[in-house]
Amino acid sequence: MKGPMKFFLAAAAALTAVAGGASYTAAAMQARTAAELRASHLAGEQFDGYLGVVGEAPGDVRARVNSINITRRAAYTDVAGRRRVKIEDVGAAMACEIFATSILPGQYYMLPDGIWRQRLGQAPVPRPAYCV
Amino acid sequence: MSDPMIKAPFMSSVAKPLIGLALAATLAGCIELNAPDRPIEINLNIAISQEVVVRLAQDVRELRETNPGAF
């Protein structure tokens, strides 16, 4: 990469980090798996079994969230076919599992009221009524 | 008397809507820049029973094992 180009890219990254409300750390920019996206605090788990973007996020974060959701939906469709249930039911059951095990302190989750909440401290995440 | 429309055949009744369409298509590309940040998939009508949640528990755990990056 040529000198001036490198400078402009670094300047753009710095401006983005300063101007954005969230802190787009290098780790957040690299987040690819669902666990990494949850840890970046730019995405959270929804009650319907899909990842959602929390507030403003760069386009590539949204693209990765969409890509993961496409994979999830394919997996839910597969199970739904085998078990003769609705695709949404598999997603809901997955959300129950994820809410119970994988939302670490500081990470975001959304209940059926549509509000993003952040898990604070060690208190367990409240789960939708249909979870056991 | 000369009809100005005859001297400008490219402004026929076919061309004008086409030009309008082209303008609209060009301008339509600008609308996406500030799209609201809404979730792509969100189902507000989940009516699953606890019985089904229990029945799917094992399948759901297997999904997480075989697709660790996605869940």
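## Examining the interface of chain A and chain B
Alright, step 1. Taken together, the 42 residues of chain A in the interface contact 24 residues of chain B.
Alright, step 2. Of the roughly 2800 Å² buried between chain A and chain B, counting both surfaces, carbon and sulfur atoms make up 63%.
Alright, step 3. At the boundary of chain A with chain B, the tally comes to three salt bridges.
Alright, step 4. Here chain A and chain B share seven residue pairs in polar contact (both at pLDDT 80 or more) between them.
Alright, step 5. Elements with a contribution of two residues or more to the side of chain A that touches chain B: helix H3 (34–40), helix H4 (59–83) and helix H5 (87–101) of chain A.
Alright, step 6. Along the lines of polarity and charge, the residues of the side of chain A that touches chain B split into 23 nonpolar, eight polar and 11 charged.

## A closer look at the pattern of salt bridges
Alright, step 1. Here the structure, examined in full by the defined rule, presents nine salt bridges over all chains.
Alright, step 2. For Arg83(A), the salt bridge identified is with Asp59(B), shortest N-O distance 2.7 Å. Within this pair, whereas Arg83(A) is found in helix H4, its partner Asp59(B) is found in helix H3 (residues 50–66), the two belonging to separate chains.
Alright, step 3. The residue Asp113(A) makes a salt bridge to Arg117(A) at a minimum N-O spacing of 2.9 Å.
Alright, step 4. Accessibility expressed as a relative area gives 44% for Asp113(A), which makes it partly exposed.
Alright, step 5. Overall, the relative accessible area of 29% leaves Arg117(A) in the partly exposed class.
Alright, step 6. If you follow the salt bridges from partner to partner, you end up with Asp78(A), Arg82(A), Arg83(A) and Asp59(B) in one network.

## Considering the packing of aromatic side chains
The description of an aromatic ring pair uses the distance of the two centres, along with the angle that the planes make with each other.
Alright, step 1. In this structure the tally under the stated criterion is three aromatic pairs over all chains.
Alright, step 2. Ring geometry for Tyr76(A) versus Phe71(B): centroids 6.0 Å apart, planes at 45 degrees, classification tilted. Placement of the pair is Tyr76(A) in helix H4 and Phe71(B) in the segment after H3, with the two residues belonging to separate chains. As far as the burial class goes, Tyr76(A) and Phe71(B) line up, both buried.
Alright, step 3. Between the aromatic rings of Phe99(A) and Tyr109(A), the centroid separation amounts to 5.9 Å while the plane-to-plane angle is 75 degrees, which identifies the pairing as edge-to-face. One end of the pair, Phe99(A), is in helix H5; the other, Tyr109(A), is in strand S3 (residues 108–110), with 10 residues separating them in the sequence.
Alright, step 4. Joined through ring pairs, the aromatic side chains of Tyr50(A), Tyr76(A) and Phe71(B) make up one cluster.

The rules behind these values
- The numbering scheme is per chain: residues are counted from 1 as the chain's sequence reads.
- Both sets of labels track the order of writing: A upward for chains, 1 upward for ligands.
- Thresholds applied to this predicted model are a pLDDT of at least 70 for local features of residues and 80 or more for the giving and counting of side-chain atom pairs; totals over whole chains, interfaces and linings are not thresholded and use all residues.
- By convention in this description, side-chain values take in all heavy atoms of the structure and omit both hydrogens and water.
- Contacts between residues were defined by any pair of non-hydrogen atoms, one from each residue, lying within 4.5 Å.
- When two parts are put together, the accessible area they lose, computed with a 1.4 Å probe and summed over both, is reported as buried area.
- One side-chain nitrogen of Lys or Arg within 4 Å of one carboxyl oxygen of Asp or Glu is enough to make a salt bridge.
- Each polar contact in these results corresponds to two N or O atoms within 3.5 Å; when the atoms are within protein, one needs to be able to donate a hydrogen and the other to accept it, and residues that are neighboring in sequence are counted only if both atoms are side-chain atoms.
- Strands are runs of DSSP state E lasting at least two residues, helices are runs of H or I lasting at least four, and both sets are numbered from the N terminus onward.
- Under the scheme applied, nonpolar residues are Ala, Val, Leu, Ile, Met, Phe, Trp, Tyr, Cys and Pro; charged residues are Asp, Glu, Lys and Arg; polar residues are all the others, including Gly.
- Three exposure classes are used, based on accessible area relative to the maximum for each residue type with a 1.4 Å probe and protein chains only: buried under 20%, partly exposed in between, and exposed over 50%.
- Classification of ring pairs rests on two measures: the distance between centres of Phe, Tyr or Trp rings, Trp counted by its six-membered ring, which must be within 6.5 Å, and the angle between planes, read as stacked under 30 degrees, edge-to-face over 60 and tilted in between.

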